[in-house]
Amino acid sequence: MKQNMGRLIRYILIIHKLSGHKKYVSVEELISYLNLQMELRGYEIGISQRTLQRDIKDIADMFDVEIKNYRGYGYYISDRPEETDIRYQELLLNFDLLTSMNQGSQSVGYIIPEHHRPKGSDTIPILISAIKEHRIIEFDYILVRKGDKIISKRVKPHFLKESLGLWYLLALDEHDALKAYGIDRMRNIHVTDVIFKRDESINPDDLFKHSYGIWDDPSIPIEEIELSYSPLDGKFIKTTPLHSSQKILVDNDDEFRVSLRLRITNDFVMALLSRSASLTVIKPLSLRTRLREIYKDAIQRNN
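Residues numbered from 1 in each chain as written. Predicted model: local features only at pLDDT ≥ 70, side-chain atom pairs only at ≥ 80, totals over all residues. Heavy atoms only, no water.

Asker: Summarise the nonpolar core; cite the residues concerned and give the values.
Answerer: Ranked by size, the top nonpolar core spans 42 residues in total, and within it Leu52, Ile67, Leu169 and Met186 carry the most contacts. In terms of nonpolar packing, the next biggest core, distinct from the first, is built from 19 residues, Ile225, Leu227, Ile264 and Phe268 among them. (Core = buried A, V, L, I, M, F, W, Y, C linked by side-chain atoms within 4.5 Å. Buried < 20%, exposed > 50% of the residue type's maximum accessible area, 1.4 Å probe, protein only.)

Asker: For the packing of helix H8 (residues 266-274) against helix H9 (residues 285-301), give the residues involved together with the corresponding values.
Answerer: Here H8 crosses H9 at 65°, and the two axes come no closer than 11 Å. Viewed along their axes, H8 and H9 form a crossing whose handedness is right-handed. Seen from H8, the contacting residues are Asn266, Phe268, Val269, Leu272 and Leu273; seen from H9, they are Leu287, Arg290, Leu291, Ile294 and Tyr295. Classifying every residue of the contact of H8 with H9 gives eight nonpolar, one polar and one charged. (Axes fitted to C-alpha atoms, helices over the stretch in contact; angles between N-to-C directions. Helix = DSSP H or I, 4+ residues; strand = E, 2+ residues; numbered from the N terminus. Left-handed = near helix turned anticlockwise from the far one by under 90°. Contact = heavy atoms within 4.5 Å. Nonpolar A, V, L, I, M, F, W, Y, C, P; charged D, E, K, R; others polar.)

Asker: Summarise the confidence of the model for the protein chain; cite the residues concerned and give the values.
Answerer: With 84% of its residues at a pLDDT of at least 70, the protein chain reaches an overall mean of 84. Counted against residues more than four places away or in other chains, residues 103-108, with its pLDDT under 50, gives twelve contacts. (pLDDT = per-residue confidence, 0-100.)

Asker: Let's hear about helix H3 (residues 49-63): which residues, and what values?
Answerer: Compared with the 21 Å implied by 1.5 Å per residue over 15 residues, the 21 Å span of H3 between its first and last C-alpha is a close match. Within H3 the residues assigned to the buried category are Thr51, Leu52, Asp55, Ile56, Ile59 and Phe63. Take H3 and look down its axis: the buried residues cluster within an arc of 140°, on one side only. Away from the buried face of H3 by more than 90 degrees, exposed residues Arg50 and Lys57 are located. Directly beyond the C-terminal end of H3, a positive phi value near 60° is found at aspartate 64. (Expected span 1.5 Å × (residues − 1). Arc of directions from axis to C-beta.)

Asker: Pulling in residues and values, what's your account of the sheet that holds strand E10 (residues 256-263)?
Answerer: Across the sheet, four strands lie side by side as E9-E10-E8-E11; this open sheet has antiparallel pairing. Whereas interior strands pair on both sides, the edge strands pair on one side only; in this sheet they are strand E9 (247-251) and strand E11 (280-283). The sheet shows a mean angle of 30° between the axes of neighbouring strands, direction not considered. Here three bridges tie strand E8 (residues 222-229) to E11, and the two strands are oriented antiparallel to one another. (Pairing = 2+ DSSP bridges.)

Asker: Please give an account of the sheet that holds strand E7 (residues 186-195) that cites residues and values.
Answerer: Strands sit in the order E6-E5-E4-E3-E7 across an open sheet of five strands; the sheet is antiparallel. The sheet is open, and its two borders are formed by strand E6 (178-182) and E7, each paired with just one other strand. The sheet shows a mean angle of 50° between the axes of neighbouring strands, taken without regard to direction.

Asker: An account of unusual backbone geometry is requested, with residue identities and associated values reported.
Answerer: Between lysine 283 and the following residue, proline 284, the backbone shows a cis peptide bond with an omega angle of 5°. Relative to the elements of secondary structure, proline 284 occurs in the loop between E11 and H9. Positive phi values are uncommon outside glycine, yet histidine 134 reaches one of about 60°. Here histidine 134 is to be found in the loop between helix H5 (124-133) and strand E3 (135-143). Judged by its relative accessible area of 26%, histidine 134 falls in the partly exposed class. At aspartate 176, a residue that is not glycine, the phi angle is positive and equals roughly 60°. Structurally, aspartate 176 can be placed in the loop between strand E5 (166-172) and E6.

Asker: Lay out the layout of surface pockets in plain terms, naming residues and giving numbers.
Answerer: Estimated volume of the second largest pocket: approximately 950 Å³. Forming the walls of the second largest pocket are 27 residues, and the residues nearest its centre are Lys179, Ala180, Arg185, Ile214 and Trp215. The set of elements that each furnish at least two residues to the lining of the second largest pocket consists of E3, strand E4 (149-163), E5, E6 and H8. Considering each element in turn, the lining of the second largest pocket owes the most residues, four residues, to E6. The residue makeup of the lining of the second largest pocket, split by class, is 16 nonpolar, two polar and nine charged. (1 Å grid on protein atoms, 1.4 Å probe; cavity = no way out; pocket = protein on both sides within 12 Å on 5 of 7 lines; lining within 4 Å. Points joined across faces, edges and corners; volume = space filled by probe spheres on them.)

Asker: Can you break down the packing of aromatic side chains residue by residue, with the values?
Answerer: Applying the stated criterion across every chain yields a total of eight aromatic pairs. Taken together, Tyr24, Tyr70, Tyr73 and Tyr76 form an aromatic cluster joined through their ring pairs. Taking the ring centre of tyrosine 33 as reference, the NZ or CZ of lysine 17 above it sits at 4.9 Å. Its guanidinium or amino end placed over the ring of phenylalanine 208, lysine 161 lies 4.7 Å from that ring's centre, counting from NZ or CZ. (Phe/Tyr/Trp six-rings, centres within 6.5 Å; stacked < 30°, edge-to-face > 60°. Lys NZ or Arg CZ within 6 Å of the ring centre and 35° of its normal.)

Structure follows, in structure tokens:
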């Protein structure tokens, strides 16, 4: 498994290096960069030109990114479909953050990682391969809300998504309904030899356009939301917006107020509670009531 992880990290590093300001990167510079970065992540070094060429072929197959070598100048990205650009950039950035603090890394003595690092990230290479090759996968899935009951699933994998520090597999189930599965709850993953036809009508950019986090229940209406915070909390909300629809309405020494347009899910409510010391819900009234009931229950439990 670590070998698979190492390969994917090399792919990340190659694309990152070739996406920089320099148009061409020499073979020597690219190999030196890879060896240094892999060593920092706790992996063995000694990457050869043959390994580099094999990685470049895999990158073309996996990410639709074509890399060529211009004799006398070096490697460069020749072709990268526009619709692929944002998706792979987000995936590679998040995955690189997840893997940059390997426990064997030399940077451990200088970086303090979170104790609750996401589980299951070592399965990402397997899932990416299954998605790319359109292969049905089977796995056991833990239902946390049902007393850790384990069920068997057979799905058609379509996308990977990172949300709130966790990774999810978006796949069509046996009824061709798109479902999200937390990869930290997936066990005994098996990639079958069965090939499925990918549903190209699914637009990943629209899946979570009106939601916070991973859950987007169409039965929940999209609502206009207005929130007021103290100026201090406002600085944090401004730096890290609650949602892509966030618009600043008031920003002065007395108040910071924003508007949003999204579905009010449990994930969104939990996000509001995490910075509720100065929060005032202006609208809708239903959200204001919902938070008030949560506060009342909390006071009773902790009285």
